[in-house]
There are 2 protein chains.
Amino acid sequence: MSDKKMVESITSMDEDFAQWYTDIVKRAELMDYSSVKGCMIFLPAGYALWENIQSLLDKRFKATGVENVYMPLFIPESLLQKEKDHVEGFAPEVAWVTEGGQEKLEERLCVRPTSETLFCDLYSNIVHSYRDLPKVFNQWCSVVRWEKTTRPFLRSREFLWQEGHTVHETAEEAEERTVQMLNVYADFLREDLAIPTIKGQKTEKERFAGAVATYTIEAMMHDGKALQSGTSHNFGDGFAKAYGIEFTGRDNKLHNPHQTSWGLSTRLIGALIMVHGDNEGLVLPPHIAPTQVVIVPIQQKKEGVLDACRGLADRLSDLRVKVDDTDRSPGFKFAEQEMRGFPLRIEIGPRDIENGECVVVRRDTHEKTTIKLDQAESYVKELLGRIQQDMYDRAKKHLDSSIYDAKSYDEFKTLIDEKPGFVRAMWCGEQDCEDQIKADTTATSRCMPFENNEPISDKCVCCGKPAKHLVIWGKAY
Amino acid sequence: MSDKKMVESITSMDEDFAQWYTDIVKRAELMDYSSVKGCMIFLPAGYALWENIQSLLDKRFKATGVENVYMPLFIPESLLQKEKDHVEGFAPEVAWVTEGGQEKLEERLCVRPTSETLFCDLYSNIVHSYRDLPKVFNQWCSVVRWEKTTRPFLRSREFLWQEGHTVHETAEEAEERTVQMLNVYADFLREDLAIPTIKGQKTEKERFAGAVATYTIEAMMHDGKALQSGTSHNFGDGFAKAYGIEFTGRDNKLHNPHQTSWGLSTRLIGALIMVHGDNEGLVLPPHIAPTQVVIVPIQQKKEGVLDACRGLADRLSDLRVKVDDTDRSPGFKFAEQEMRGFPLRIEIGPRDIENGECVVVRRDTHEKTTIKLDQAESYVKELLGRIQQDMYDRAKKHLDSSIYDAKSYDEFKTLIDEKPGFVRAMWCGEQDCEDQIKADTTATSRCMPFENNEPISDKCVCCGKPAKHLVIWGKAY
């Protein structure tokens, strides 16, 4: 493969954003299609992103007292049916196992689309007293939803995620945990993925099936579309009642506990691509990049070049660093670093060695700096920190400058139509208006934001009746 | 729950080994049964063991160049059928998805029992030249086998494992990788799980469906039974031919590559219980213990006690340490530490503080030592290392002293019947004799060992014909 071909084969994002996305996914070797329609293969470069997400997020979870468990892949049909809203929400899109070990099963088993039902079943067995509470369990697993149309990372029949499920003595504690985990998600996206989000509450229409409140973090992609990036649900005591979870309280009486659940998935890899990527390929924030620094030898057969590269790699060994000593041309290696989004490239050739120097190239800005080799350690570490911050700042600037206020429905429609981004507008609280807006513009209510939510008018942007909430609207993935 | 009840409820292992095992699994809260027959729930204490196994083993994998990926959960029936031996081996015990999204599927999908077929399908798409080789991929996932009888960790319809699948240019390289991964497993069990194993090759009868050679590590449980603890398979080029994996070689001609696969599962948690556990409960080697040190305050309401405990915990913070400051009695906490197998317990009460001391209790030997508080750091670290070594040494002594040589079939049958352990005996190489031995004694061939395999006679222990191999036989889980 020539250097040229590697670069040529990416569609520009202004020309065709969807194709640009698919090109990066394929060319950065993040995933591959499989023989199973709608299911995808996470290749090493894609799975490594998920591993880093898991590792960083799991640490944050455990710091709040989360314990990991693993629940069965299958849910008996009768168990799924116990909570009415929940089964209505999920039954249409599940896969069913009907045969096992060459025999027809007596009861169909669904492949978990989410595991509320199994966790409730477990909790009904192990929660007896207020002394058993809280339980703050989480699992990392794959789930299956039989989607009709699929897109790499964004929507597929099987995806990877974590799902936390907690049980609490009081409604207040459950609400506190719901908000706490939303904040964990938002902090993780901001600090590790360099992705700013808007926190808020979903409208009833967009709420999780069976929840009393759903909170969300909404991120904005390059094309101005929203990507729901993590959700946290307060279940109240509805699931506990449906599944018979009861405990003896401090008053010596029986109570139903209050529950929460919260999840975040491999969709986030899609967000990383669409928030930070550019026309050369993927751009990864240093915290999450599987390779943070690639060292490319120039004229690597010349004596001392590879040694100098390896020596530098050793000095940087507390970073994720690799020396690309393959026999491909430097140009190919440069193009690959850009496609795969490694935050920094260091070039070292015979002349550099003579001068005691090396060339450092940022992936995000393409900025090239020649530095003294003996200062490389401190320079590189400081620069990675700066890249992480700069990437967040650019994404935040894009988000902030792509939110518009609409006071009339005409203004709303024009903005949604002409300005990529979100629109803030007042809403009466009726689902009819949400449906109308979606029908007219394809935009959906993303959330009722927790911050910057002062009313901008007293009337619903759609029907003109008295407004109850400020809502952020947008087209979404 | 009283202290007494916690201890009373374990069956002694001499009385009923199977019940002792089940008691530990339940009382140490490693797992729970689920509503899905044959599937189990990994509770926090059980899943934490798997997390530590994953983390330690994954580091060893990556040091040899392994890259992690994730393949779909489902395998189309037609793909499964491409390799004849393989489909015969697995088809009888798989679960089938026949409906998805409220429609009957055109083709049944099996829930992966293992993923050779999917990896081969991927490799046929991404391997084109010798320059693409080797590929050394692994995945951590759950697999499903529709077993009729199940036992916690040892045999269940769904279990967690890792499966490595590699592709190589030459037969030699594939053989080298097969042996290399077997050694990684054996080193991991020895160094981290404190479990000695016997390495060897499986007979043709016990070989993986589709492999040309299967290597195994066999561990011995307290009751003298074998537990196959990890296997590594050399596939030759059979799968490559069946799945059309071809590459252009250095000679510019098309070749089929050679492949390997290797796996290790949550069965190992069963091995940890049955190699190290005792009549008080679980005993965990320090390397793998989710809690290495539990600090138990005595008279914790007395001023300074909790502070002293927390102060010590801070000083030990590079270990996995916790202070049990719950309002349960010290006796209960001691019993819990013993049941859950935390390697060390440290007791601190008012009198200890006065004397500048604390009491350190080993879980494995119950040995109690009073030490100076200000020497606790170095003492505890050194002691954990000693416990790890002592646990291995005891298990090794048990293994070595429970292997017997049989030169006649009568001797063989008596040994298998009367002496818990393994029997070494010569074998002609015919499956008939393996079948006969199994029918007569329920023992199976565990492996043809790589070491200590000098012939002990020139005749097959069963049929008396010329012997080809020394084989280790045993009853197995």
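Residues numbered from 1 in each chain as written. Chains lettered and ligands numbered in written order. Predicted model: local features only at pLDDT ≥ 70, side-chain atom pairs only at ≥ 80, totals over all residues. Heavy atoms only, no water.

Enquirer: How would you explain the packing of aromatic side chains if you had to name every residue and give the values?
Expert: Counted by the stated rule, this structure contains 38 aromatic pairs over all chains. Centroid distance B:Phe235 to B:Phe239: 4.5 Å. Interplanar angle 35°. Geometry classified as tilted. For B:Phe235, a relative accessible area of 3% translates into the label buried. Looking at B:Phe239, the relative accessible area reads 0%, which means it is buried. Among the aromatic residues, ring-to-ring pairing joins A:Trp50, A:Phe61, A:Trp140, A:Tyr185 and A:Trp262 into one connected group. In this structure, A:Arg108 packs its charged tip against the face of A:Trp96, placed 3.9 Å from the ring centre. If you follow A:Arg345 out to its NZ or CZ, it ends over the ring of A:Phe334, 4.0 Å from the centre. (Phe/Tyr/Trp six-rings, centres within 6.5 Å; stacked < 30°, edge-to-face > 60°. Buried < 20%, exposed > 50% of the residue type's maximum accessible area, 1.4 Å probe, protein only. Lys NZ or Arg CZ within 6 Å of the ring centre and 35° of its normal.)

Enquirer: Explain the relation of the copies chain A and chain B to me, and be specific about the residues and the numbers.
Expert: When chain A is brought onto chain B, the operation consists of a screw motion whose angular component is 180° and whose axial shift is 0.0 Å, with 0.0 Å RMSD remaining. The transformation relating the two chain copies, once decomposed into turn and shift, fits a two-fold axis. Rotation axis and chain A: the residue whose C-alpha lies nearest the axis is A:Val97, separated from it by 2.1 Å. (Least-squares fit on C-alpha atoms with pLDDT ≥ 70 in both.)

Enquirer: Give me the environment of A:Asn125: which residues, what numbers.
Expert: All names here are of chain A. The topology assignment puts Asn125 in helix H6 (residues 116-126). The class for Asn125 is partly exposed, based on a relative accessible area of 43%. For the pair Asn125 and Gly244, spaced 119 residues apart in sequence, the C-alpha separation works out to 9.4 Å. (Helix = DSSP H or I, 4+ residues; strand = E, 2+ residues; numbered from the N terminus.)

Enquirer: I'd like a rundown of the sheet that holds strand S23 (residues 469-474) of chain B, residues and numbers included.
Expert: For sheets, the rule is that strands pair by backbone hydrogen bonds, running either parallel or antiparallel. All names here are of chain B. Read across the sheet, 11 strands follow the order S3-S7-S8-S14-S11-S10-S9-S22-S23-S21-S20 without closing on themselves; strand pairing throughout is mixed. On the outer flanks of this sheet lie strand S3 (67-68) and strand S20 (403-405), each paired with one strand and no other. Pairing analysis gives three bridges linking S20 to strand S21 (residues 422-427), with the strands arranged parallel. Paired with Tyr404 across the strands is Val423, a residue of S21. (Pairing = 2+ DSSP bridges.)

Enquirer: Report on helix H2 (residues 17-27) of chain B, specifying residues and quantitative values.
Expert: Residue and element names in this part refer to chain B. Considered for burial, the residues of H2 that qualify are Phe17, Trp20, Tyr21, Asp23, Ile24, Val25 and Arg27. N-cap assignment for H2: the residue whose side-chain oxygen lies 3.3 Å from the backbone N of Ala18 is Asp16. Once H2 finishes, Glu29 follows within two positions and takes phi at roughly 55°, a positive value. (Polar contact = N/O pair within 3.5 Å; in protein donor to acceptor, adjacent residues only side chain to side chain.)

Enquirer: Describe in detail the side chain of B:Thr266, supporting the description with residues and values.
Expert: Here B:Thr266 lies in the loop between strand S14 (258-265) and helix H9 (267-276). In this structure B:Thr266 touches B:Phe42, B:Trp50, B:Phe153, B:Phe159 and B:Leu160, once residues within four positions along its chain are discounted. (Contact = heavy atoms within 4.5 Å.)

Enquirer: Can you tell me about the pattern of salt bridges, naming the residues and giving the values?
Expert: Where charged atoms from two side chains of opposite charge approach closely, those side chains can pair. Throughout the structure, instances matching the rule amount to 71 salt bridges over all chains. A:Lys26 is the salt-bridge partner of A:Asp32, the closest N and O atoms lying 3.3 Å from each other. Judged by relative accessible area, which is 38%, A:Lys26 ranks as partly exposed. Taking the shortest distance from any N to any O, the salt bridge between B:Arg328 and B:Asp324 comes out at 3.0 Å. (Salt bridge = Lys/Arg side-chain N within 4 Å of Asp/Glu carboxyl O.)

Enquirer: Account for the pairing of strand S6 (residues 103-111) of chain B, with residues named and values stated.
Expert: Moving residue by residue along a regular strand, the side chains alternate between the two faces of the sheet. Residues and elements named next belong to chain B. Sheet topology places strand S4 (residues 74-76) next to S6; three bridges connect them, and they run antiparallel. The partner of Phe74 across the bridge, within S6, is Val111. What sits between the antiparallel neighbours strand S5 (residues 95-100) and S6 is a turn of two residues, in which Gly101 has the positive phi angle 55°.

Enquirer: Describe in detail unusual backbone geometry, supporting the description with residues and values.
Expert: Residues and elements named next belong to chain A. Residue Pro134 is bonded to the preceding Leu133 through a cis peptide linkage, with omega at -5°. Summarising the element assignment, Pro134 is placed in the loop between H6 and strand S7 (135-144). The phi torsion at Gln102 lies on the positive side, around 65°, for a residue other than glycine. Its location among the elements puts Gln102 in the loop between strand S5 (95-100) and strand S6 (103-111).

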